[in-house]
Amino acid sequence: IEGGQGCLTRQRREGKVTLADMKESRETRVDNTGNVCLWPSEEVMAYHLLVDRKGQDIAGKNVIELGAGVGLAGMAIAADGRCNSVLVTDGNATCTKSLQVTLGANARRAAA
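A quick note: this is a predicted structure, and the numbers were derived from the prediction, not measured. (Residues numbered from 1 in each chain as written. Predicted model: local features only at pLDDT ≥ 70, side-chain atom pairs only at ≥ 80, totals over all residues. Heavy atoms only, no water.)

A. Layout of unusual backbone geometry. If you check the backbone angles, lysine 54 has positive phi at about 55° while not being a glycine. Counting through the fold element by element, lysine 54 comes out in the loop between helix H2 (40-52) and strand E1 (62-65). On the basis of relative accessible area, lysine 54 is assigned to the exposed category, the value being 62%. (Helix = DSSP H or I, 4+ residues; strand = E, 2+ residues; numbered from the N terminus. Buried < 20%, exposed > 50% of the residue type's maximum accessible area, 1.4 Å probe, protein only.)

B. Spatial organisation of a nonpolar patch on the surface. There is a patch of nonpolar side chains on the surface, built from Ile64, Leu66 and Leu87 and spanning about 320 Å² of accessible area. You can see leucine 66 is positioned in the loop between E1 and helix H3 (72-80). (Patch = residues over 30% accessible without salt bridge, like charges linked within 9 Å, V, L, I, M, F, W, Y side chains within 5 Å. Areas by Shrake-Rupley, 256 points an atom, 1.4 Å probe, with all protein chains shown as cover. Salt bridge = Lys/Arg side-chain N within 4 Å of Asp/Glu carboxyl O.)

C. Region of the structure containing H3. When we look at burial in H3, the residues that qualify are Leu72, Ala73, Gly74, Met75, Ala76 and Ile77. Next to the buried residues of H3 lie H2, E1, strand E2 (85-88) and helix H4 (93-111). Downstream of H3 by one or two residues, glycine 81 has phi in the positive range, about 85°. (Contact = heavy atoms within 4.5 Å.)

D. View of the pairing of E1. Because side chains alternate across E1, one face comprises the buried residues Val63 and Glu65, and the other comprises Asn62 and Ile64, none of which is buried. Where E1 and E2 come together, four bridges link them in parallel fashion. Bridging across to E2, isoleucine 64 finds its partner in leucine 87. In the classification by handedness, the crossover that spans E1, the intervening H3 and the parallel E2 is right-handed. (Pairing = 2+ DSSP bridges. Right-handed = clockwise from strand over helix to strand, strands pointing away.)

E. Quick peek at the side chain of glutamate 65. If you trace the backbone, glutamate 65 turns up in strand E1. The exposure class assigned to glutamate 65 is buried, which follows from its relative accessible area of 13%. A polar contact of 2.7 Å, which involves the side chain of glutamate 65, links it to the backbone nitrogen of glycine 74. If near-sequence neighbours (up to four positions away) are discounted, glutamate 65 is found in contact with Glu42, Gly71, Ala73, Gly74, Leu87, Val88 and Thr89. (Polar contact = N/O pair within 3.5 Å; in protein donor to acceptor, adjacent residues only side chain to side chain.)

F. Highlighting the environment of glycine 34. Considering the arrangement of structural elements, one finds glycine 34 in the loop between helix H1 (19-28) and H2. Excluding anything up to four places from it in sequence, glycine 34 contacts Trp39, Gly69, Val70 and Cys95.

Shown next, in the form of structure tokens:
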């Protein structure tokens, strides 16, 4: 988003789905696509809330992103700083591990 500080996101695999992904999805009954790519809806959501709506829908509020995948929307909203807090969630354990790495990288980047 123009003029913003930006944030980092992490994708486990660059556009590839493996047999291990399919096995994990079958065993956990959780779709593993959130690990594979950045979905355009994340970009659209962040842009809409921060630019089109000028942050008025999130200012001073607690925000939760359900099924965050790589977490771009939640990270961008958190980096914007107008909301009180952001909670990013995903039902997939692999996604939540990736989100933890992403949160750590962004925290170190913000502190620098």
